[in-house]
Amino acid sequence: GPPGNGKTSLAEAIANTMNIPFLVVRQEQTINSLLGKTAQNLYNIFSFAVQQPCVLFIDEFDAIGIKRNQNIGESGEISRIVNSILKQIDALPSYVILIVATNREDIIDKALCRRFQLQITLPMPQKEELTNYYAQYIEKHHLQITIKPSRIAEKTIPCSYANAEELIKTLHRKIVLHGNNLNFEKEIQQWKETKKK
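This one's a predicted model, so the numbers in the text were calculated from it and none came from an experiment.

## Observations regarding the packing of helix 8 (residues 161-178) against helix 9 (residues 184-196)
Here is step 1 of the chain: It is the contact of helix 8 with helix 9, at a shortest axis distance of 11 Å, that shows an interaxial angle of 135°. Considered as vectors, helix 8 and helix 9 are oriented oblique to each other. Helix 8 and helix 9 meet at a crossing whose hand is right-handed. Here N163, E166, L167, T170, L171, K174 and I175 of helix 8 come into contact with helix 9, specifically with F184, E187, I188, Q190, W191 and K195.
Here is step 2 of the chain: Of the residues assigned to the contact of helix 8 with helix 9, the class counts are six nonpolar, three polar and four charged.

## Remarks on the packing of helix 7 (residues 149-156) against helix 9
Here is step 1 of the chain: Two numbers describe how helix 7 lies on helix 9: the axes approach to 10 Å, and their chain directions differ by 30°. Considering the angle they form, helix 7 stands roughly parallel to helix 9. The two elements helix 7 and helix 9 cross, and the hand of that crossing is right-handed. From helix 7, R151, I152, K155 and T156 reach across to helix 9, where they touch E185, I188, Q189, W191 and K192.
Here is step 2 of the chain: Across the contact of helix 7 with helix 9, the residue classes break down as three nonpolar, two polar and four charged.

Conventions and cut-offs
- Residues numbered from 1 in each chain as written.
- Predicted model: local features only at pLDDT ≥ 70, side-chain atom pairs only at ≥ 80, totals over all residues.
- Heavy atoms only, no water.
- Axes fitted to C-alpha atoms, helices over the stretch in contact; angles between N-to-C directions.
- Helix = DSSP H or I, 4+ residues; strand = E, 2+ residues; numbered from the N terminus.
- Parallel < 35°, antiparallel > 145°, perpendicular 65-115°, else oblique.
- Left-handed = near helix turned anticlockwise from the far one by under 90°.
- Contact = heavy atoms within 4.5 Å.
- Nonpolar A, V, L, I, M, F, W, Y, C, P; charged D, E, K, R; others polar.

Below is the structure:
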């Protein structure tokens, strides 16, 4: 699904529910321009993960799991990386849960896609979901706000949960600093204009 809609949070929630460690693979620490180094880094990551029950989470999986037939002129390095991942996944013990996230499922190698028992799409929230999110935040923090959650949703859709969180926290800060005599419609419009820049 698109960025900011809870892929990482879902993976972390699974780990917390199962009371096992949550291991996050950072792309900047994995991908290396030196020949063979990325595959070696991935081997080291999987070797560490299998030492205990855990959730192993790889974000932006498309960066390393790209279709092999799309990489002409890359000295076969991407093919080596994908082949290495396939071997590592096949060798994973049952007590390691591998979760990957991407917003580019269309470019992931099909052989890798087949390795996952479950595929879930986390789409952008609809108006009702955004309304519920804003309402829960307002109730939880006892905000004195003169605009209805449904109106905030109307003004912000389409909007990811990450952006919705940023907006409601911005409004929260302004209420703390200036009281609730704000023009909320204007504040939301200003926030939207800032996001466009």
